[in-house]
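Single-letter residue listing:
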Amino acid sequence: MFEQQLINGLTLGSIYAIVALGYTLVFGVLEILNMAHGEIFMFGAFIGLLMVVQFGAPIPIAILAAVLVTAVMGFLLERFALRPLRGKKGVSHLAPLISTIGVSIFLENLAHHLFGAETQPFPVSFARISFEIGGVKIYLVQLTIFLIAVALMIGLSLWLQKTKAGKGLRATAESIETANLLGVNTQRIITLTVIIASAMGGIAGVLVGMAFNAVSPQMGLAIGLKGLAIIILGGMGNIKGAMVGGLILGLTEVMSVAYGDSGYRDAIAFLMIIVILLVRPQGLFGSPATQVKR
Amino acid sequence: MKKSLIKFLGVLLSVFLVLSVAACGGSQEATNGGENSSNSNAGEEQSGGESGGGGEQVARIGVISYLSGNGAAYGEAITSGFKMAQEEINEKYKGQLKIELLIEDSAGQRDQALNAAQKLINSENVLAILGPTLSSEMFVVGPEADQAGVPIMGTSTTANGIPEIGPYVFRNSIPESLAIPASTKKAVEHFGIKKVALIYGHDDDFTLSGYEIMKDTAEKLGLEIVKTEKYATGDTDFSAQLTNIQAAQPDAILASSLYKEGGLILDQARKMGIDVPVVGGNGFNSPQVIVQAGEAAEGVVVASPWFPERDVEEVQTFVKKFQDKYGKIPDQFAAQAYDALYIMTQAILDAGTTEDRDALRDSLAEIKDFKGVTGNFSFDEVGSPIMDPIVLIIKDGKFVEFTD
């Protein structure tokens, strides 16, 4: 049974990790907590659901559609909620946080009107396909989610390390002013960052819909909070931290249910985060130096 | 001249009534009844006189409902039921009585529900309140309304102890303490169940009280409880709990949850290969469970005051009308809300007043054998419904009566 719970935990953890990747990317570059990320994630889930249910699209097409729509939403978010507040005199550093909270509330209500308040099932043709390895049942859905999560993390890391845009992004993350002086089009980089983060949210949305067979306008809030906790646990702005943090949170939650009291699921998970932060205040992979910018 | 004198007497009487109730408690009941009847006579004559002149009485009723957030679906169903009843009643009693609904959103939060209640009672000065949606909200709002002497009727509040809050607190939703033993007993007899596992939401008054009743029922029926698992409202992943339950190998699962989590639990349990029957609380009693869980909902047993397929003319007319209007089959929450406004209207007509809250309370308490779409309805002495639940099972994608 332990192995079975391990699989449960890894699946949940990789879902958390993908959500956290989007947060950590935006935070790494802009030092903004993008509170609308959870709602963009929810829209991704609904777009995927629409594709599957209304148009009978296969999952890859559904994911693609979700990515397109959430990327556009990311662009709009940056253009209308973040850019007007950037670099202006007298704007509090909390202003972008508040404006993204506004966007998140707007999106949740919009989803209510567009899709209704009910939780909707997410039919997946291969939901019941599973294989057994040594007495442990692994579902194809679980495996798909895990693989996509790992692929996203590796892809993102490679992109940041190897490509010109990725280097520009890292330079922008170091210092927007310096990057600007060195000829990086920081405006474009920032927009690109928010778009990529949102698109990842879209992918995560479809995966969560698949995993739990449920899509609702409220799904963004609950998982969004977990995402926030994970980037603090993993180290703000750190890609690897988001991945490892997500897996740790998922595993802790599942194990506290499996071997502890299921009523204390979140309590135990967050207690563990506090303990880790007491030992490593900068988070698992965060370095103290990069925390003090400006 | 005469009319205004009667009006004056009516007002005087109701003032006296308020004072006397405020002055002391239960011992006043008997005299209240007497005064009430004379009061209602005055009211009737008054309304009769006015309708002749083309005027109609307006009853302002406050509604507190869960319209945004996690459980907005319940609020939506409930307010749809109210609005449909309101339209019909205003049509039916045109010139005599007009129901005005003042709908407030509680977002499922106790404090917001309380704010809404205070606003309705103090600023809007409503005659009575329908709602709130959740039992946990009712435990906060109920005492407030009771203290202010405003009749309040929950249409979806099924936890233990709600009508006991005070004399002004009613409900027309069938309590879990009636529904769960009925469904469990039937399932145990039919399937020969000996070992059960329990799963419930531990942070909600409704699911918690459902769990306690399930536990009691299981013990009374001599069932062995092999595993008890909890979850939190809003959870979407139940794999860990279900893996534990699977390992304990129960003959049946008793689940106390709202349909949102319930549908997910069913879906995930069936996918894991847990095929035992599931006995649900009232929360499972919604077509949404079938929409959400699909095939996984097969074999779920619930007891219900509401069965949309029941072969009764009123029920079928209501279902058809609701479906035309809102595009879906009304669930229990819509049906109970629909009945609640009719019960309230009946009580207002009996009391013959749209001003006097105490007269309304007394006539509400006397409602008996009211024929609603949810069945034959009476209040017991504390203000809880007396009615027979129907045990249903989900078969081939719909609820059918569970017969042996």
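Residues numbered from 1 in each chain as written. Chains lettered and ligands numbered in written order. Predicted model: local features only at pLDDT ≥ 70, side-chain atom pairs only at ≥ 80, totals over all residues.

Trainee: I tried to follow the overall build of chain A on my own but got confused; where do I start?
Mentor: For chain A, the helix and strand inventory stands at 12 helices and 2 strands. When the helices and strands of chain A are listed from N to C terminus, the series reads α-α-α-α-β-β-α-α-α-α-α-α-α-α. A buried classification covers 54% of the 294 residues belonging to chain A. Sequence separation of at least 24 residues holds for 75% of the intrachain contacts in chain A that already meet a minimum separation of 6. (Helix = DSSP H or I, 4+ residues; strand = E, 2+ residues; numbered from the N terminus. Buried ≥ 20, exposed ≤ 12 C-beta atoms within 10 Å, placed from the backbone. Contact = placed C-beta atoms within 7 Å.)

Trainee: Where do I start with the interface of chain B and chain A in this structure?
Mentor: Note: interface size is frequently given as the accessible area lost on complex formation between the parts. Tallying the contact residues gives 27 residues for chain B and 24 residues for chain A. Every element with two or more residues in the side of chain B that touches chain A is listed here: helix H3 (72–92), strand E7 (224–231), helix H8 (239–248), helix H9 (259–272) and helix H10 (287–293) of chain B. Sort the elements by how many residues they give to the side of chain B that touches chain A and H8(B) lands first, with 6 residues.

Trainee: How should the sheet that holds strand E6 (residues 195–201) of chain B be read in this particular structure?
Mentor: Strand pairs in the sheet, formed through backbone hydrogen bonds, run parallel or antiparallel to each other. Residues and elements named next belong to chain B. If you trace the 7 strands from one edge of the open sheet to the other, you get E7-E6-E8-E9-E10-E14-E15, paired in mixed fashion. The two strands at the open ends of the sheet, each matched to only one other strand, are E7 and strand E15 (398–401). Across this sheet, the average inter-strand angle for adjacent strands is 25°, counted without regard to direction. Note that E6 and E7 share 7 bridges and pair parallel. Each bridged residue has a counterpart across the sheet, and for Tyr-200 the counterpart in E7 is Lys-230. In this fold helix H6 (residues 176–191) packs onto strand E8 (252–256), strand E9 (278–280), strand E10 (300–304) and strand E14 (390–395), with an angle of close to 140° to the strand it touches most, E10. Lying on the sheet, H8 is in contact with E6, E7 and E8; it crosses E7 at an angle near 175°. (Pairing = 2+ DSSP bridges. Axes fitted to C-alpha atoms, helices over the stretch in contact; angles between N-to-C directions.)

Trainee: Would you explain the packing of H8(B) against H9(B) in this entry?
Mentor: Geometrically, a packed helix pair is captured by the angle between its two axes and the distance between the axes. All names here are of chain B. Direction vectors running N to C along H8 and H9 enclose 50°, while the axes themselves pass 10 Å from each other. Viewed along their axes, H8 and H9 adopt a mutual orientation that is oblique. Handedness of the H8/H9 crossing: right-handed. Residues Ser-239, Leu-242 and Gln-246 of H8 pack against Gln-268, Ala-269 and Met-272 of H9. Looking at the contact of H8 with H9 residue by residue, the classes come out as 3 nonpolar, 3 polar and no charged. (Parallel < 35°, antiparallel > 145°, perpendicular 65-115°, else oblique. Left-handed = near helix turned anticlockwise from the far one by under 90°. Nonpolar A, V, L, I, M, F, W, Y, C, P; charged D, E, K, R; others polar.)

Trainee: Honestly, the environment of A:Ala17 in this entry has me stumped. Any pointers?
Mentor: Inspection of the secondary structure assignment puts A:Ala17 in helix H1 (residues 2–30). Separated by 213 residues in sequence, A:Ala17 and A:Ile230 place their C-alpha atoms 7.7 Å apart.

Trainee: I would appreciate a short explanation of H1(A) in the present structure.
Mentor: One full turn of an α-helix is made of 3.6 residues, so residues set three or four places apart face in the same direction. Residues and elements named next belong to chain A. When the terminal C-alpha atoms of H1 are compared, their 41 Å separation across 29 residues agrees well with the 42 Å that a helix rising 1.5 Å per residue should span. Counting buried positions over the 29 residues of H1 gives 26, a clear majority of the element. Downstream of H1 by a residue or two, Glu-31 has a phi angle that is positive, lying close to 55°. (Expected span 1.5 Å × (residues − 1).)

Geometric descriptors of this kind do not, in isolation, establish any biological role.
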